[in-house]
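One-letter residues, chain by chain:
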Amino acid sequence: DIQMTQSPSSLSASVGDRVTITCRASQGISNSLAWYQQKPGEAPKFLLYAASRLESGVPSRFSGSGSGTDFTLTISSLQPEDFATYYCQQYYSVPLTFGGGTKVEIK
Amino acid sequence: QITLKESGPTLVKPTQTLTLTCTFSGFSVSTNGVAVGWIRQPPGKALEWLALIYWNDDKRYSPSLKSRLTITKDTSKNQVVLIMTNMDPVDTATYYCAHGYSDYDSFFDFWGQGTLVTVSS
C-alpha cells in the first residue's frame, strides 16, 4: 500500500495569510494526487486533481503542485471560509489511500 | 447535476452485518468509465477508502477489509450497495458513497452527505 503523510497535522493562520500544506507519498505516484476540503459535519469537497488541476468553481487562491512523492496545496490568501481540514488522496494504485489530514484553524 | 445519498441503519450490534445503499442521480453506473466508491471516517479521524465498483462490474476492495466487504450495483435503480459483515465497535464511522471521476482516475468529485453508523450492543 502507498502511505500518504501530510504535514503539518494542524496549523493556525490568520485571514490573508499564505498557507502551504505538504503531502508525501511512500513511493512515486506520478501526479495522481487529489485534494479535498472538509468542514465539520460536512462531506469532503473535491478541490484539485492531477496534483495541480483545479476543479471547476474552486477559487483560484487554491493551487497545487508536485510530482512523484512530494506535493503541496497552497492557499494564497486565506479566507474565513477556508478554515477546514484538508486531505490528500493518491489514486495511482489500489488500495486508494488518504493522508491523515491537516486542520487549518483561526489564529 | 450529480447527487448521491447514503441510507441504512444508524445502529448495528457487534457481529451483525451492515448493509448500506447509495442512491444517486445525474449519472448511470452502466455508462462507460463510471465508478462509485465507498469511504468511511471514524469520529475525529481521517478518511479511509473501502471499495470501488466500475461500470463494467469490476470491483476493488481495501485489502485490510476485503474478506468482510461486498459491493454491488443495481443499474435499474441507480443504486450501489455495500455489505460489511461481522461489524465491530471500531467500525463506528460516517460512511460516504462518492462518484469516481473515471475508471482510470479514481478520485471522487461528488460525495453523498454521509451516514453515521454506530456499532454497539
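Rules behind the numbers
- Residues numbered from 1 in each chain as written.
- Chains lettered and ligands numbered in written order.
- Predicted model: local features only at pLDDT ≥ 70, side-chain atom pairs only at ≥ 80, totals over all residues.
- Heavy atoms only, no water.
- Phe/Tyr/Trp six-rings, centres within 6.5 Å; stacked < 30°, edge-to-face > 60°.
- Buried < 20%, exposed > 50% of the residue type's maximum accessible area, 1.4 Å probe, protein only.
- Pairing = 2+ DSSP bridges.
- Helix = DSSP H or I, 4+ residues; strand = E, 2+ residues; numbered from the N terminus.
- Axes fitted to C-alpha atoms, helices over the stretch in contact; angles between N-to-C directions.
- Disulfide = S-S within 2.5 Å.
- Salt bridge = Lys/Arg side-chain N within 4 Å of Asp/Glu carboxyl O.

This part covers the packing of aromatic side chains. Applying the stated criterion across every chain, the model contains 13 aromatic pairs over all chains. Note on Phe108(B) and Trp111(B): the rings are 5.9 Å apart at their centroids and 75° apart in plane angle, and the pair reads as edge-to-face. Judged on exposure class, the residue Phe108(B) and its partner Trp111(B) are both buried. An aromatic cluster of three or more residues is present, and its members are Tyr36(A), Phe46(A), Tyr49(A), Tyr91(A), Phe98(A), Tyr96(B), Tyr101(B), Phe107(B), Phe108(B) and Trp111(B).

Glancing now at the sheet that holds strand 8 (residues 79-84) of chain B. Strand-to-strand pairing in sheets goes through backbone hydrogen bonds, with the strands running parallel or antiparallel. Residue and element names in this part refer to chain B. Taking strand neighbours across the sheet as the criterion, the four strands line up as 1-3-8-7 in an open arrangement whose pairing is antiparallel. The strands lining the two open edges of the sheet, one partner per strand, are strand 1 (3-7) and strand 7 (69-74). Each adjacent strand pair in this sheet contributes to an overall mean axis angle of 20°, direction not counted.

Moving on to the state of the cysteines. With the rule as written, the count across this model stands at two disulfides over all chains. There is a disulfide in this structure between Cys23(A) and Cys88(A), and the S-S distance comes to 2.1 Å. Between Cys23(A) and Cys88(A), the S-S torsion sits near 70°, and that sign places the bridge as right-handed. Taken as a pair, Cys23(A) in strand 3 (residues 19-25) and Cys88(A) in strand 9 (residues 85-90) lie far apart in primary sequence, 65 residues in all. Summarising the burial analysis for this pair, Cys23(A) and Cys88(A) share the class buried. Each sulfur in the disulfide pair Cys22(B) and Cys97(B) lies 2.2 Å from the other. As the torsion about the S-S bond is roughly 70°, the Cys22(B)-Cys97(B) disulfide counts as right-handed.

Residues and elements named next belong to chain B. The tally for this structure, following the rule as stated, stands at eight salt bridges over all chains. Between Asp-58 and Arg-60 there is a salt bridge whose closest N-O contact spans 2.8 Å. The class of Arg-60 is partly exposed, set by a relative accessible area of 33%. Of the charged contacts, one joins Asp-91 and Arg-68 as a salt bridge, the two residues approaching to 2.6 Å between their closest N and O atoms. Placement of Asp-91 in the loop between strand 8 and strand 9 (93-100) and of Arg-68 in the loop between strand 6 (59-61) and strand 7 is noted, with a sequence separation of 23 residues between them. The pair Asp-91 / Arg-68 is uniform in exposure class, with both members buried. One salt-bridge network, in which partners are shared between bridges, spans Arg-40, Glu-48, Arg-68 and Asp-91.

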